[in-house]
Amino acid sequence: MSAVSPETQAVRSALSVIGSVEPAVAAAITDELTAQRESLKLIASENYASMAVLLAMGNWLSDKYAEGTPGHRFYAGCAQVDRIEELAAGHARELFGADHAYVQPHSGIDANLVAYWAILAHRIEAPALERAGAKHVNDLTEQDWEQLRQELGSQRMLGMSLDAGGHLTHGFRPNISGKMFHQRTYGTDPATGLLDYAALRETAREFRPLILVAGYSAYPRRINFATMREIADEVGATLLVDMAHFAGLVAGKVLTGDFDPVPHAHVTTTTTHKTLRGPRGGMVLCQQEYAEAVDRGCPMVLGGPLAHVMAAKAVALAEARQPAFRDYAQQVADNAQALAAGLMNRGARLVSNGTDNHLCLVDVGSYGLTGRQAESALLDSGIVTNRNAIPRDPNGAWYTSGIRIGTPALTTRGLGTAEMDVVAGLMHEVLSSTRPGTTKAGTPSKASYELDSALSGRVSKEASGLLAGFPLYPEVDLG
Ligand code: PLP
């Protein structure tokens, strides 16, 4: 009889304890593992954290309030939280070569909010206090306070447009950043699909933003952050790089020199759960000048820190400092290139004709489909992707003309470049066999589609057959 692994014991025991109180939660946790094991996950922003990362979150560190920073808390009894936060921040500084790391943000959106307010505090509020001879905002007269509020609310931000791959938090109206800042965008060159630095420089010179944001959710190429910093310096902007998507490639030294944001950006924000393969959360790295303002993230915009998640961040960052993580990051990039080549060799059109990070953007217009139709047809065939706008998208942000695919999750499962070609073949077969459907009234529809169910069933089987050779959480056997 084979021995039961410690991970299996841990998960079985946890599920039994949870199930004794609310069996529906234990059942949902179990079913989620089954679903994740069976799906061919190409969502570029998702990954699978290690069992050590997951287990670090499920404990009584969650019970503690610890507003403030290590050694400077608004609550007593925070010695262990201090220890954990210092450990995670130390790992982050070492891993990324940052002056300062703030590991409290609960998510990527929160990390960006902390960063924006830190920049406003440093560049707008601090000089206003100095002018008024005040130490604290509470010391300002009503008149000075009102003037400062007006100033804080009238600053400018320049970020990448959504259809070029930017993120809602980079100054777009549905997010609070778009309500806080006057915003303009930059984009890509229509001929190459690459970021147009010359046009960006022009816009920056004319618009003179307080904050220049670089970073993306759906741009398949490297960004030259040395050039970005040069542009920011020329117009007196603070350079903020949101590396939420590609932090793992920075940690794993795939993106180095001009393509590593940390030495160039004044402030770098990230999530910890995408390519970095940690728990769901965020982080802010910054140059020393911004450290004090960044550390005021809680209570400025954040609630009390999640000590259990900071513990998991410390574990994930320790993992990312191991040599094996560099192999992983390189494999993520190699796999993305293999997937791109596999699709292009079969006739697919990719935005920018390829990738040099972890993601590709397929223009499914080349298959006569909208992103919505392609996403659904692939899902029917056991392949999980998400639709995404492409530059100058004729179908807008809801139906879109693109499919975003990424390799971080499949690489964690152990799939390599040979398997990426198989995945590309399956995707191409589904996309080239899908036809746009019609509405009930018989007019063309951007959502419905026609796909032979025998074909989608066969592709699903082939996808799960492929995955069977690369078990997810093989150390966990739920019986
Ligand atoms: N920034 C970028 C570039 C992202 O792609 C995302 C998430 O997709 C975020 C921020 C927000 O992260 P979260 O969902 O953790 O708030």
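Reading guide: rules and limits
- Residues numbered from 1 in each chain as written.
- Predicted model: local features only at pLDDT ≥ 70, side-chain atom pairs only at ≥ 80, totals over all residues.
- Heavy atoms only, no water.
- Salt bridge = Lys/Arg side-chain N within 4 Å of Asp/Glu carboxyl O.
- Helix = DSSP H or I, 4+ residues; strand = E, 2+ residues; numbered from the N terminus.
- Buried < 20%, exposed > 50% of the residue type's maximum accessible area, 1.4 Å probe, protein only.
- Expected span 1.5 Å × (residues − 1).
- Arc of directions from axis to C-beta.
- Contact = heavy atoms within 4.5 Å.
- Pairing = 2+ DSSP bridges.
- Axes fitted to C-alpha atoms, helices over the stretch in contact; angles between N-to-C directions.
- Near = heavy atom within 4 Å.
- Polar contact = N/O pair within 3.5 Å; in protein donor to acceptor, adjacent residues only side chain to side chain.
- Areas by Shrake-Rupley, 256 points an atom, 1.4 Å probe, with all protein chains shown as cover.
- Nonpolar A, V, L, I, M, F, W, Y, C, P; charged D, E, K, R; others polar.
- Domains from an automatic or database assignment.
- Buried area = accessible area lost by both parts, 1.4 Å probe.

### Here we look at the pattern of salt bridges
- As enumerated under the stated definition, the model contains 19 salt bridges in all.
- Of the charged contacts, one joins Arg-221 and Asp-356 as a salt bridge, the two residues approaching to 3.3 Å between their closest N and O atoms. Placement of Arg-221 in the loop between β7 (211-215) and α9 (225-235) and of Asp-356 in the loop between β11 (349-350) and β12 (359-363) is noted, with a sequence separation of 135 residues between them.
- Residue Arg-387 pairs with Glu-375 through a salt bridge whose shortest N-O separation is 2.8 Å. Placement of Arg-387 in strand β14 (residues 386-388) and of Glu-375 in helix α15 (residues 371-380) is noted, with a sequence separation of 12 residues between them. Judged on exposure class, the residue Arg-387 and its partner Glu-375 are both buried.

### A few points about helix α1 (residues 6-21)
- Counted at 1.5 Å a residue, the expected span for α1 with its 16 residues is 22 Å, and the 23 Å between its end C-alpha atoms agrees.
- Listed as buried for α1 are Thr-8, Val-11 and Leu-15. All buried residues of α1 fall inside an arc of 70° around its axis, so they share one side. Residues of α1 that are exposed and angled more than 90 degrees away from the buried face: Pro-6, Val-17, Ser-20 and Val-21.
- If you follow the buried residues of α1, they end up packed against α2 (23-38) and α3 (51-57).

### Re the sheet that holds β12
- Spatially, the 4 strands line up as an open sheet ordered β11-β12-β15-β14, and their pairing is antiparallel. Among the strands making up the open sheet, the edge pair consists of β11 and β14.
- Pairing between β14 and strand β15 (residues 402-406): 3 bridges, direction antiparallel. Each residue of the ladder has a partner; that of Asn-386, found in β15, is Arg-404.
- Strand contacts of helix α14 (residues 323-345): β11, β12 and β15, with the helix running at about 15° to β12, the strand carrying the most contacts.

### Brief notes about the sheet that holds strand β6 (residues 182-186)
- Pairing is mixed in the open sheet, where 7 strands are placed in the order β4-β10-β9-β8-β7-β5-β6. Each edge of the open sheet is held by one strand with a lone partner, namely β4 (100-102) and β6. Looking at each pair of strands side by side, their axes are set apart by 20° on average, direction ignored.
- Sheet analysis places strand β9 (residues 267-271) next to strand β10 (residues 282-286), joined by 5 bridges and oriented antiparallel. Residue Thr-270 lies in a different strand from β10, and its bridge partner there is Met-283.

### Some details on the site of the ligand
- Surveying the vicinity of the ligand reveals the residues Ser-107, Gly-108, Ile-109, His-167, Tyr-216, Ser-217, Asp-242, Ala-244, His-245, Thr-271, His-273 and Lys-274.
- Contacts to the ligand include Ser-107, whose side-chain N or O atom sits 3.1 Å from an oxygen atom.
- Ile-109 is positioned such that a nitrogen or oxygen atom in its backbone is 2.9 Å from an oxygen atom of the ligand.
- Protein burial of the ligand: of its 390 Å² of free accessible surface, 83% is covered by the chains.
- Tallied by class, residues from the shell around the ligand come to 3 nonpolar, 7 polar and 2 charged.

### Some points on the domain arrangement of the protein
- By domain assignment, the protein separates into domain 1 (61-154 + 211-320) and domain 2 (323-468).
- In this assembly, 20 residues from domain 1 lie in contact with 22 residues from domain 2.
- Of the roughly 1,800 Å² buried between domain 1 and domain 2, counting both surfaces, carbon and sulfur atoms make up 59%.
- Together, Pro-220, Arg-221 and Arg-277 form the three largest contributors to the area buried by domain 1 at its contact with domain 2, with a combined 34%.
- Where domain 1 packs against domain 2, one counts 1 salt bridge.
- Between the two partners, domain 1 and domain 2, sit 12 residue pairs in polar contact (both at pLDDT 80 or more).
- Looking at the side of domain 1 that touches domain 2, the elements with two or more residues in it are α10 (247-251) and α13 (307-320).
- Among the elements that line the side of domain 1 that touches domain 2, the one with the most residues is α10, at 3 residues.

### Remarks on the side chain of Thr-203
- Among the structural elements, Thr-203 can be located in helix α8 (residues 197-207).
- Setting aside residues no more than four positions away along its own chain, Thr-203 makes contact with Leu-158, Thr-185 and Arg-208.

### So, unusual backbone geometry
- Looking along the chain, the bond that leaves Cys-298 and enters Pro-299 is cis, with omega of 15°.
- Take Pro-299: it is sitting in helix α12 (residues 297-300).
- Phi is positive for Arg-277, close to 65°, though the residue is something other than glycine.
- Mapped onto the secondary structure, Arg-277 falls in the loop between β9 and β10.

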